[in-house]
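# Remarks on the overall topology
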Amino acid sequence: MSTPRINAIQCEEALNRLFTYLDHELRGHRHAEMERHLKTCRSCFSRAEFERRLKSQLTEMAQEKAPTSLEQRIFALLKSF
């Protein structure tokens, strides 16, 4: 855990903001606070890196097309409901 500083966010707040940060949706001072926290907190930095890599892998996987046979099986299952 990082050492508290004036205007510094704590780990709990950093983790609450993590996905917003990774989605590039934090602006202004909130983005700067996250950057500072991640530079000083090894635990939150590690979590952010894990989530960043996972997101990247999922994005790559989502671009692959499912085999036709799998699509047909899924559609058949959906029709049976």
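Heads up: these notes are all about the structure in this document. Nothing here was measured: the structure is a model prediction, and the numbers come from that model.

Reading the values: rules and limits
Residues numbered from 1 in each chain as written. Predicted model: local features only at pLDDT ≥ 70, side-chain atom pairs only at ≥ 80, totals over all residues. Heavy atoms only, no water. Helix = DSSP H or I, 4+ residues; strand = E, 2+ residues; numbered from the N terminus. Rg over C-alpha atoms; globule rule 2.2 N^0.38 Å. Contact = heavy atoms within 4.5 Å. Areas by Shrake-Rupley, 256 points an atom, 1.4 Å probe, with all protein chains shown as cover. Expected span 1.5 Å × (residues − 1). Buried < 20%, exposed > 50% of the residue type's maximum accessible area, 1.4 Å probe, protein only. Arc of directions from axis to C-beta. Axes fitted to C-alpha atoms, helices over the stretch in contact; angles between N-to-C directions. Parallel < 35°, antiparallel > 145°, perpendicular 65-115°, else oblique. Left-handed = near helix turned anticlockwise from the far one by under 90°. Nonpolar A, V, L, I, M, F, W, Y, C, P; charged D, E, K, R; others polar.

### Regarding the overall build of the protein
A count of helices and strands for the protein gives four helices and zero strands. The order of helices and strands in the protein, counted from the N terminus, is α-α-α-α. A compact globule built from 81 residues would reach a C-alpha radius of gyration of about 12 Å, whereas the protein, at 19 Å, exceeds it by more than 25%. Principal-axis analysis of the C-alpha atoms places the extent of the protein at approximately 60 × 20 × 20 Å. Across the protein, the fraction of contacts at a sequence separation of at least 24, relative to all contacts at a separation of at least 6, is 51%. A total of about 6700 Å² of accessible surface is found on the protein, and carbon and sulfur atoms cover 56% of it.

### As for helix α3 (residues 42-62)
At 3.6 residues per turn, the α-helix brings residues three or four places apart onto the same side. The end-to-end C-alpha distance of α3, which contains 21 residues, comes to 30 Å, matching closely the 30 Å that a straight helix rising 1.5 Å per residue would cover. Looking only at α3, the buried set comprises Cys 44, Ala 48, Glu 49 and Glu 51. Buried residues of α3 fall within an arc of 165° about the axis and therefore sit on the same side. Opposite its buried face, α3 presents the exposed residues Arg 42, Ser 43, Arg 53 and Met 61, each directed more than 90 degrees away.

### Remarks on the packing of helix α1 (residues 11-22) against α3
Where α1 contacts α3, the axes come no closer than 11 Å and their chain directions differ by 25°. In terms of their interaxial angle, α1 and α3 are classed as roughly parallel. Where α1 crosses over α3, the handedness of that crossing is right-handed. Judged by residue contacts, Cys 11, Ala 14, Leu 15, Leu 18, Phe 19, Tyr 21 and Leu 22 of α1 engage Cys 44, Arg 47, Ala 48, Glu 51, Arg 52 and Lys 55 from α3.

### A word on the packing of α1 against helix α2 (residues 28-40)
Two quantities define a packed helix pair, namely the angle between the axes and the distance from one axis to the other. For the pair α1 and α2, the least separation of the axes is 10 Å and the interaxial angle reads 115°. Viewed along their axes, α1 and α2 form a crossing whose handedness is left-handed. Facing Cys 11, Glu 13, Ala 14, Arg 17, Leu 18 and Tyr 21 of α1, the residues of α2 in contact are Arg 30, His 31, Glu 33, Met 34, Glu 35, His 37 and Leu 38. Here the residues of the contact of α1 with α2 are counted per class, giving six nonpolar, two polar and five charged.

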